[in-house]
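# Residue-level structural notes
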Amino acid sequence: MSENLQGLLFPNYSKYPITLVKGEGSRLWDDQGKEYIDLMCGVAVTNLGHKPAKVTAKLHEQLDQLWHVSNLFHIPNQYRLAQLLTDNSCADHVFFCNSGAEANEAAIKLARRYYQKVLGIQGKYEIITFQQSFHGRTLATLTATGQEKVKEGFHPLPEGFTTLPYNDIAALQGAVSDKTAAIFLELVQGEGGIHSADPAFMAEIVRLCEKHDVLLILDEIQTGVGRTGKLFAYEHYGIEPDIFTLAKGLGSGFPIGAVLGKAKIKDAFAPGSHGSTFGGNLLATAAGIATMETMLEDNVPQRARELGELAVTHLKSKLEGNPLVVDVRGKGLLIGIECTTAVGDIVNDIHRHGALVITAGTNVMRLVPSLLISREELLKGLDIVAEALARAANEAASKAAV
Ligand SMILES: *Cc1c(COP(=O)(O)O)cnc(C)c1O
């Protein structure tokens, strides 16, 4: 791409030197014709691969019929997608929006309004969140995010958020009070390094939520829609959130977000209390319907579980003895490789050798392939990753020897 046109955009992204122009399943091609195995899926977005046939067909059909009507009219696609989501989760009601941050923003508003308007309790507005979390870039969601770097220069931030260490039961017990409205977390911290919530930590959260009448909000924007080997990650824990949020994988790449909640909080979003011009539009919900139908009909989460086990086993055997590698971990096809050093240069080397991966924090490489990737493509991609890590370890050793 032309250098001088790049300068027309705000420089808020640091970009890889690659321009992708074509995709099919788990393969991508750049503008030089170079082919890549996709182990990142946007960032955990194209869970069914690029241009999945059923979603493509459904979008074409909708494109020919009608693109946009206001949410002041009935939109049957929303009802069908809400049915697919509520029939297959613990939730009873859905609000549709356009992105992850919008979904989390709405979840925060929903929790505050539940206490203030449905129960009539003032002063119960505090949201407890966790270090290393990531919840989005709006003012409320970056305040909820447990990483200082996303907050720099954006003060003053909204009030009412407390950030605690993740998986720290004692800190949590000391922090929940009459002011606490919600505990808000990811079950696997995606951007924050692929750390999972301990079952004992989750059991204590559920106990405290019941005892102190606190809502449990789960951010399933990255973990949801099959990614971790279940349709939603909370199923691994045998728990039920009061509210959870979806976005990334829900539209297979078409922008859509959703807030799902239990019956008791329904009236918190009374008519006129919240809304979105584009939220739940005909095209986005068409993509969502076809995505969810494919997930369910083809039992895609099960496939993610099996491929995830295969991937971790394969990586562990290939990386055994590599002194740069500290840990290989994950749930389903949300996988992290933690290293002793920053992985940025290694990621670029992997790209040059024909596989696409990303980071999750400085020292962790994140692999989030399509849940429908073939075993051959997956193993080939993982070998490219393992070879790059071997080269990096050799380089570090020869530097140390000099
Ligand atoms: C990506 C992500 C978000 C933000 O989603 P956007 O669509 O970029 O606003 C929020 N939470 C988690 C866990 C995410 O992975």
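Since this is a predicted model, take the numbers as computed values, not measurements.

### Here's the deal with the pairing of strand β2 (residues 27-30)
Neither face of β2 is left uncovered, since the one carrying R27 and W29 and the one carrying L28 and D30 both have all their residues buried. From the end of strand β1 (residues 20-24) to the start of β2, which pair antiparallel, there are two residues, and G25 there has a positive phi angle of about 60°. Relative to strand β3 (residues 35-38), β2 runs antiparallel, the two being bridged by three bridges. Across the sheet, W29 pairs through a bridge with E35, a residue of β3. Where β2 hands over to β3, the hairpin turn is made up of four residues, of which G33 adopts a positive phi near 85°.

### Considerations on the site of the ligand
Around the ligand, a shell composed of 13 residues is seen, among which G100, A101, D219, Q222 and K248 lie nearest. Contact between the ligand and G100: an oxygen atom at 2.8 Å from a main-chain N or O atom of the residue. At a separation of 2.7 Å, a nitrogen atom of the ligand approaches a polar side-chain atom of D219. Starting from 380 Å² of accessible surface for the ligand in isolation, the protein chains cover 81%. By residue number, the principal contributor to the shell around the ligand is helix α5 (residues 100-118), which donates three residues. Residue composition of the shell around the ligand, grouped by class: three nonpolar, six polar and four charged.

### Section: the UniProt feature "binding site: pyridoxal 5'-phosphate" (unreviewed entry) in the protein chain
Taking the numbering used here, the UniProt-annotated feature "binding site: pyridoxal 5'-phosphate" (unreviewed entry) corresponds to G100, A101, F134, D219, E220, I221, Q222 and T277. With a sequence span of 178 residues, these residues are also far apart in the fold, their greatest C-alpha distance being 25.3 Å. Structurally, the position occupied by I221 is in the loop between β10 (215-219) and β11 (243-246). In this view, I221 contacts G100, N104, T245, L246, A247, K248 and G249; residues no more than four positions away in its chain are not counted.

### Re helix α4 (residues 76-87)
Across its twelve residues, α4 extends 16 Å between first and last C-alpha, which sits within 8% of the 16 Å expected from 1.5 Å per residue. For α4, the set of buried residues is N77, Q78, L81, A82, L84, L85 and T86. In this fold, the buried residues of α4 make contact with α3 (53-65), β4 (93-97), β11, β12 (257-261) and α9 (282-297).

### As for the UniProt feature "modified residue: N6-(pyridoxal phosphate)lysine" (unreviewed entry) in the protein chain
The positions UniProt marks with the feature "modified residue: N6-(pyridoxal phosphate)lysine" (unreviewed entry) are K248. Mapped onto the elements of the fold, K248 is located in the loop between β11 and β12. Note on K248: relative accessible area 22%, which makes it partly exposed. The residues contacting K248, other than those within four sequence positions of it, are V43, A44, V45, E191, I221 and Q222.

### With respect to the sheet that holds strand β7 (residues 180-185)
The strand order β4-β12-β11-β10-β7-β5-β6 describes an open sheet built from seven strands, whose pairing is mixed. Lying at the two open borders of the sheet, with one neighbouring strand each, are β4 and β6 (161-164). Neighbouring strand axes in the sheet, compared pairwise and without regard to direction, differ in orientation by 20° on average. Two strands pair when backbone bridges link them, and β4 and β12 are joined in this way by five bridges, in the antiparallel orientation. Looking at β12, one finds that F96 is bridged to A258. Docked against the sheet, α4 engages β4, β11 and β12, running at close to 125° with respect to β4. Running over the sheet, α5 touches β4, β5 (126-130), β6, β7, β10, β11 and β12 and is turned about 165° from β11.

### Focus on the side chain of R227
Tracing the sequence through the fold places R227 in the loop between β10 and β11. The buried charged residue R227 lacks any salt bridge, with D38 as its nearest oppositely charged partner at 8.4 Å. Side-chain polar atoms of R227 contact the side chain of N47, separated by 2.8 Å. Of the polar contacts made by the side chain of R227, one reaches the backbone oxygen of P369; its length is 2.6 Å. Sequence-distant contacts of R227, defined by excluding residues within four places in its chain, comprise C41, A44, N47, Q222, A304, K331, G332, L333, L334, V368, P369 and L371.

### Examining the pattern of salt bridges
Two side chains bearing opposite charge may form a pair once their charged atoms approach each other closely. A full pass over the atoms with the stated rule returns 15 salt bridges. As a salt-bridge pair, E377 and R27 come within 2.8 Å of each other at their nearest N and O atoms. With E377 in helix α12 (residues 375-401) and R27 in strand β2, this pair connects stretches of sequence that are 350 residues apart. Here E377 matches R27 in class, with each residue buried.

### Structural notes on the pairing of strand β17 (residues 364-367)
Every other side chain in a regular strand lies on the same face of the sheet, so the side chains alternate between the two faces. With burial as the criterion, each face of β17 is covered, one bearing V364 and R366 and the other bearing M365 and L367. Summarising the sheet, strand β14 (residues 334-339) and β17 pair through four bridges and their orientation is antiparallel. Bridging from a neighbouring strand, I335 pairs with L367 of β17. Here two bridges tie strand β16 (residues 358-359) to β17, and the two strands are oriented antiparallel to one another.

### Comments concerning the domain arrangement of the protein chain
Taken as a whole, the protein chain is organised into domain 1 (3-51 + 300-401) and domain 2 (66-297). In this structure, domain 1 and domain 2 have C-alpha centres spaced 27 Å apart. Tallying the contact residues gives 27 residues for domain 1 and 27 residues for domain 2. Inspection of the domain 1/domain 2 interface yields one salt bridge. Taking the shortest distance from any N to any O, the salt bridge between E191 and R366 comes out at 3.1 Å. Our enumeration of links across domain 1 and domain 2 arrives at 14 residue pairs in polar contact (both at pLDDT 80 or more). Looking at the side of domain 1 that touches domain 2, the elements with two or more residues in it are α2 (41-44), α10 (300-319), β13 (325-331), β14 and β17.

About the thresholds
Here, residues in each chain are numbered from 1, in the same order as that chain's written sequence. Residue-level local features of this predicted model are given only where pLDDT is at least 70; pairs of side-chain atoms are given and counted only at 80 or more, and the full residue set underlies all totals for whole chains, interfaces and linings. Processing note: side-chain calculations cover all non-hydrogen atoms of the structure and skip hydrogens and water entirely. With a 1.4 Å probe rolled over the protein chains alone, any residue whose accessible area is under 20% of its type maximum counts as buried; one over 50% counts as exposed, and the rest are partly exposed. Helix numbers and strand numbers start at the N terminus; a helix is a DSSP run of H or I with at least 4 residues, a strand a run of E with at least 2. Strands are treated as partners if at least two bridges between them are detected by DSSP. Distances are taken per atom, and a residue is near a molecule or strand as soon as one of its heavy atoms is within 4 Å of it. Each polar contact in these results corresponds to two N or O atoms within 3.5 Å; when the atoms are within protein, one needs to be able to donate a hydrogen and the other to accept it, and residues that are neighboring in sequence are counted only if both atoms are side-chain atoms. Per-residue accessibility takes into account occlusion by the displayed protein chains alone, with areas from the Shrake-Rupley method and a 1.4 Å probe. When residues are grouped by polarity, Ala, Val, Leu, Ile, Met, Phe, Trp, Tyr, Cys and Pro land in nonpolar, Asp, Glu, Lys and Arg in charged, and all others, Gly among them, in polar. UniProt positions are given in the numbering used here, feature names are shortened, and annotations may be inferred rather than shown by experiment. Any two residues having at least one pair of non-hydrogen atoms within 4.5 Å are treated as being in contact. To estimate how far a helix should extend, the number of its residues minus one is multiplied by 1.5 Å. Angles here are taken between N-to-C directions and fall from 0 to 180 degrees, while the axes themselves are lines fitted to C-alpha atoms, restricted in helices to the stretch in contact. All tallies of charge rest on Lys and Arg as positive and Asp and Glu as negative; His and the ends of each chain are not included. Just to be clear on terms, a salt bridge is a Lys or Arg side-chain nitrogen sitting within 4 Å of an Asp or Glu carboxyl oxygen. Boundaries of every domain are those given by an automatic assignment or by a domain database.

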